[in-house]
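Spelled out, the chains give:
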Amino acid sequence: IIKVVLIMNLIRMIKNSRFIMHHSLIFFLGLLLLIILASVNLTINVIIFSIFLFISIFLKISVFQLINKIRYFILALLVIYLLSTPGEILFYYSFISVTKEGFYLGINNALRIINTFLTVMFLMKFIPKKFFIEFIIKICYPLKFFGLNIDNLTSRIFLIFDYLDI
């Protein structure tokens with residue numbers, strides 16, 4: 001019953017509220033960084049990762065805990081790129097061959113994924129949960145014309161954020 005009341009209050013707040021400008025600016029800059037990360041080379045990825053490390057040390061946020069959570073994903077990505085990309089062979093044994101281009105692409109894409117996760121982590125650290133819920137609802141609001149029930153969407157998003165304790 002309490003969650004239903006909270007959900008109804010949240011729906012009422014969303015209908016009557018406006019975005020806070022600095023949260024919108026931070027969110028926009030985060031989205032811009034995510035778009036930029038899609039097409040940068042290894043040098044820029046290393047620079048962005050170094051900036052994230054510096055910011056995390058300054059703000060006392062553990063970046064390595066996040067990297068530890070996605071380590072198997074990163075390891076699988078590295079192995080796939082190392083073993084499946086053709087190019088100049090660095091190491092060869094039986095059917096296993098590691099190439100220079102595969103190593104470069106594996107490191108680049110691993111850093112790209114890490115930087116993407118770090119961007120989202122920093123956004124979640126600096127922007128309140130209410131803002132994310134409102135943003136998702138307002139982005140999906142035009143889907144109301146295609147039959148999407150906004151109240152159900154709001155309650156589901158609220159429950160997901162409540163369950164995940166984000």
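The notes below deal with the structure included here. (Residues numbered from 1 in each chain as written. Predicted model: local features only at pLDDT ≥ 70, side-chain atom pairs only at ≥ 80, totals over all residues. Heavy atoms only, no water.)

### A word on unusual backbone geometry
Only a minority of non-glycine residues have a phi that is not negative, and only a minority of peptide bonds are not trans.
For step 1, the next point in the chain: In this structure, lysine 60 takes a positive phi of about 60° despite not being glycine.
For step 2, the next point in the chain: Turning to its location among the elements, lysine 60 is positioned in the loop between helix H3 (42-59) and helix H4 (63-69).
For step 3, the next point in the chain: Notably, serine 94 is not glycine yet its phi reads approximately 55°, a positive angle.
For step 4, the next point in the chain: With respect to the helices and strands, the residue serine 94 is situated in the loop between strand S1 (89-93) and strand S2 (96-99). (Helix = DSSP H or I, 4+ residues; strand = E, 2+ residues; numbered from the N terminus.)

### Focus on the packing of aromatic side chains
For step 1, the next point in the chain: Counting across every chain of the model gives two aromatic pairs.
For step 2, the next point in the chain: Taking 5.2 Å as the distance between ring centres and 10° as the angle between the ring planes, the aromatic pair formed by phenylalanine 52 and phenylalanine 122 counts as stacked. Here the residue phenylalanine 52 occupies a position in helix H3, and phenylalanine 122 occupies one in helix H6 (residues 100-126), the gap between them amounting to 70 residues. Just as phenylalanine 52 is buried, phenylalanine 122 falls in that class too.
For step 3, the next point in the chain: Measuring from centroid to centroid gives 6.3 Å for phenylalanine 131 and phenylalanine 135, while their planes differ by 20°, and the two rings are stacked. Here phenylalanine 135 and phenylalanine 131 lie together in helix H7 (residues 129-140), a separation of four residues that amounts to about one turn.
For step 4, the next point in the chain: Residue classification places phenylalanine 131 among the buried residues on the basis of a relative accessible area of 5%.
For step 5, the next point in the chain: Look at phenylalanine 135 and you get partly exposed, because its relative accessible area is 22%. (Phe/Tyr/Trp six-rings, centres within 6.5 Å; stacked < 30°, edge-to-face > 60°. Buried < 20%, exposed > 50% of the residue type's maximum accessible area, 1.4 Å probe, protein only.)

### Observations regarding the pairing of S1
For step 1, the next point in the chain: Taken across its five residues, S1 has zero buried, putting it largely on the surface.
For step 2, the next point in the chain: Two elements, S1 and S2, share four bridges in a ladder whose sense is antiparallel. Its bridge partner being in S2, tyrosine 93 is matched across the sheet by isoleucine 96. (Pairing = 2+ DSSP bridges.)

### Here's the deal with the packing of helix H5 (residues 71-84) against H6
For step 1, the next point in the chain: H6 packs onto H5 with a crossing angle of 155° between their chain directions and a minimal axis gap of 8 Å. Between H5 and H6, the angle is such that the two are roughly antiparallel. H6 is crossed by H5, and the crossing has right-handed handedness. Residues Phe73, Ile74, Leu77, Leu78, Tyr81 and Leu82 of H5 lie in contact with H6, whose contacting residues are Gly102, Phe103, Leu105, Gly106, Ile107, Asn109, Ala110, Ile113 and Ile114.
For step 2, the next point in the chain: Considered class by class, the residues forming the contact of H5 with H6 number twelve nonpolar, three polar and no charged. (Axes fitted to C-alpha atoms, helices over the stretch in contact; angles between N-to-C directions. Parallel < 35°, antiparallel > 145°, perpendicular 65-115°, else oblique. Left-handed = near helix turned anticlockwise from the far one by under 90°. Contact = heavy atoms within 4.5 Å. Nonpolar A, V, L, I, M, F, W, Y, C, P; charged D, E, K, R; others polar.)

The values reported here are purely geometric and, on their own, carry no functional implication.
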